[in-house]
Amino acid sequence: MTLMDKIKETAAFLQDKGISAPEFGLILGSGLGELAEEVENAIVVDYADIPNWGQSTVVGHAGKLVYGNLAGRKVLALQGRFHFYEGNPMEVVTFPVRVMKALGATGIIVTNAAGGIEFGPGSLMLISDHINMTGQHPLIGENLDEFGPRFPDMSDAYTGAYRARARKVAAELELELQEGVYLGVTGPSYETPAEIRAFRTLGASAVGMSTVPEVIVAAHSGLKVLGISAITNFAAGFQEELNHEEVVEVTQGIKENFKNFVKAVLAEL
Ligand code: HPA
């Protein structure tokens, strides 16, 4: 089966479940999946039941797709994403974005936990741009002309108009919102202190192991993107040691702010 056939098959499967015409896709990162529990009139589908779909293996990722109303918008939320470091091919990592587009979404909100280079733990950072340091590219191979051009423009991948609205919403909520560049690596190890010093020189504000592939595929297909990082730790070299438990724990502390912010932004997009 071609990739296009798989996208169509999965979209048709979800449409049969009553999932049609979402306005926004929501990709919820480590520890941030709780937001999907607030979706009203929800249709919930386990990843294991969805054809052509990957499997989520990371602690803090539930592995469910939740469709319904959130902040007055029709959303398709993913509790848990697929990472390249889990052994998923890029086609699988980015497949949900393609299905969101095929179902008619106009925009996606992509969230993640990230290590802070410019900002400290507990910060919420609007992603203004990214640096792809994965050494991979999700659009390698035959171009899907139905989705977008061979050489897509990435100048406004993190849609400027969405960021402007997000800043306005943060000001209204009196929420401190940082903004900066997300540098994407494959993981699964955390970075070395030397790598973080190099990334800082390159202009990175935060570093993480996701998001970049999904956003490239979203930009290719003309989906608008809002990216939000929850900074869970100082990147390597700025604190004693790094571990996933801490990432999950700090996320717990940020998540109320995060949930309120995302809902308020959704209402304005
Ligand atoms: N590095 C990479 N990914 C991460 C980090 C980090 O420090 N924290 C949370 N995700």
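Since we're looking at a predicted model, the values are computed, not measured.

1. Observations regarding the UniProt feature "binding site: a purine D-ribonucleoside" (unreviewed entry) in the protein
Phase 1: Mapped onto this structure's residue numbering, the UniProt feature "binding site: a purine D-ribonucleoside" (unreviewed entry) falls at Glu191 and Asn233. Maximum C-alpha separation among the annotated residues is 12.3 Å over a sequence range of 43 residues, consistent with a single clustered spot. Lining residues of the largest pocket drawn from the annotated set just named are Glu191 and Asn233.
Phase 2: The residue glutamate 191 is located in the loop between strand S7 (177–184) and helix H5 (193–202) in this model.
Phase 3: Beyond its immediate sequence surroundings of up to four residues, glutamate 191 is in contact with Val185, Ile196, Phe199, Val207 and Ala236.
Phase 4: Tracing the backbone through its elements, the reader meets asparagine 233 in strand S9 (residues 224–234).
Phase 5: Discounting residues that sit within four places of it in the chain, asparagine 233 has contacts with Ala114, Gly115, Gly116, Pro121, Gln239, Leu242, Glu246 and Val247.

2. Digging into the side chain of serine 123
Phase 1: Along the chain, serine 123 falls in the loop between strand S5 (107–116) and strand S6 (124–132).
Phase 2: We classify serine 123 as buried; its relative accessible area is 14%.
Phase 3: At 2.7 Å, the side chain of serine 123 forms a polar contact with the backbone oxygen of glycine 120.

3. Considerations on the site of the ligand
Phase 1: As a matter of local geometry, the ligand sits amid Ala113, Ala114, Gly115, Tyr190, Glu191, Val207, Gly208, Met209, Thr232, Asn233 and Val247.
Phase 2: Backbone polar atom of glycine 115 to a nitrogen atom of the ligand: 3.3 Å apart, as the coordinates give it.
Phase 3: Between the ligand and the protein, one listed contact pairs a nitrogen atom with a side-chain N or O atom of glutamate 191 at 2.8 Å.
Phase 4: Surface burial for the ligand is 95%, taken as the share of its 260 Å² of free accessible area covered by protein chains.
Phase 5: Put simply, the ligand lies in the largest pocket.
Phase 6: Elements with a contribution of two residues or more to the shell around the ligand: S5, strand S8 (206–208) and S9.
Phase 7: When residues in the shell around the ligand are grouped by element, the largest group, three residues, is from S5.
Phase 8: Tallied by class, the residues present in the shell around the ligand amount to six nonpolar, four polar and one charged.

4. Digging into the layout of surface pockets
Phase 1: There is about 390 Å³ of room inside the largest pocket.
Phase 2: Taken together, 24 residues line the largest pocket, and the ones lying closest to its centre are Ser30, Tyr85, Tyr190, Met209 and His244.
Phase 3: When residues of the lining of the largest pocket are traced back to their parent elements, those giving at least two are S5, S8, S9 and helix H7 (244–268).
Phase 4: A total of four residues in the lining of the largest pocket trace back to one element, the largest contributor, which is S5.
Phase 5: Along the lines of polarity and charge, the residues of the lining of the largest pocket split into eleven nonpolar, eleven polar and two charged.

5. A look at the pairing of strand S3 (residues 64–70)
Phase 1: For S3, the buried fraction is high: five of the seven residues fall into the buried class.
Phase 2: The pairing of S3 with strand S4 (residues 73–79) spans seven bridges and is classified as antiparallel. By the bridge assignment, asparagine 69 is partnered in S4 with lysine 74.
Phase 3: The antiparallel pairing of S3 with S4 creates a hairpin that spans two residues between the two strands, and alanine 71 there sits at a positive phi of about 55 degrees.

6. Describing the packing of helix H4 (residues 160–173) against H7
Phase 1: Between H4 and H7, whose axes approach to 9 Å, the crossing angle comes to 125 degrees. Here H4 is positioned oblique relative to H7, judged by the angle of their axes. In the crossing of H4 with H7, the sense of the turn from one axis to the other is right-handed. The residues of H7 that touch H4, namely those facing Arg165, Ala166, Lys168, Val169, Ala170 and Leu173, are Asn260, Phe261, Ala264, Val265 and Glu268.

7. Points about empty space enclosed by the protein
Phase 1: Summed over all chains, the structure comprises one cavity of 30 Å³ or more.
Phase 2: In this structure, the largest cavity encloses a volume near 50 Å³.
Phase 3: Here the lining of the largest cavity is built from residues that sort into seven nonpolar, four polar and one charged.

8. Digging into the environment of threonine 211
Phase 1: Inspection of the secondary structure assignment puts threonine 211 in the loop between S8 and helix H6 (212–220).
Phase 2: Each C-alpha atom, one on threonine 211 and one on threonine 94, is 9.3 Å from the other, the two residues being 117 residues apart in sequence.
Phase 3: When neighbours within four sequence positions are excluded, threonine 211 is seen to be in contact with Arg81, Val110, Thr111, Asn112, Ile127, Tyr158 and Tyr182.
Phase 4: Within the structure, threonine 211 has its side chain in polar contact with the side chain of asparagine 112 (distance 2.7 Å).

Rules of the game
Residues numbered from 1 in each chain as written. Predicted model: local features only at pLDDT ≥ 70, side-chain atom pairs only at ≥ 80, totals over all residues. Heavy atoms only, no water. UniProt positions renumbered as here; feature names shortened; annotations may be inferred. 1 Å grid on protein atoms, 1.4 Å probe; cavity = no way out; pocket = protein on both sides within 12 Å on 5 of 7 lines; lining within 4 Å. Helix = DSSP H or I, 4+ residues; strand = E, 2+ residues; numbered from the N terminus. Contact = heavy atoms within 4.5 Å. Buried < 20%, exposed > 50% of the residue type's maximum accessible area, 1.4 Å probe, protein only. Polar contact = N/O pair within 3.5 Å; in protein donor to acceptor, adjacent residues only side chain to side chain. Near = heavy atom within 4 Å. Areas by Shrake-Rupley, 256 points an atom, 1.4 Å probe, with all protein chains shown as cover. Sits in = over half its atoms within 2 Å of the grid points. Nonpolar A, V, L, I, M, F, W, Y, C, P; charged D, E, K, R; others polar. Points joined across faces, edges and corners; volume = space filled by probe spheres on them. Pairing = 2+ DSSP bridges. Axes fitted to C-alpha atoms, helices over the stretch in contact; angles between N-to-C directions. Parallel < 35°, antiparallel > 145°, perpendicular 65-115°, else oblique. Left-handed = near helix turned anticlockwise from the far one by under 90°.

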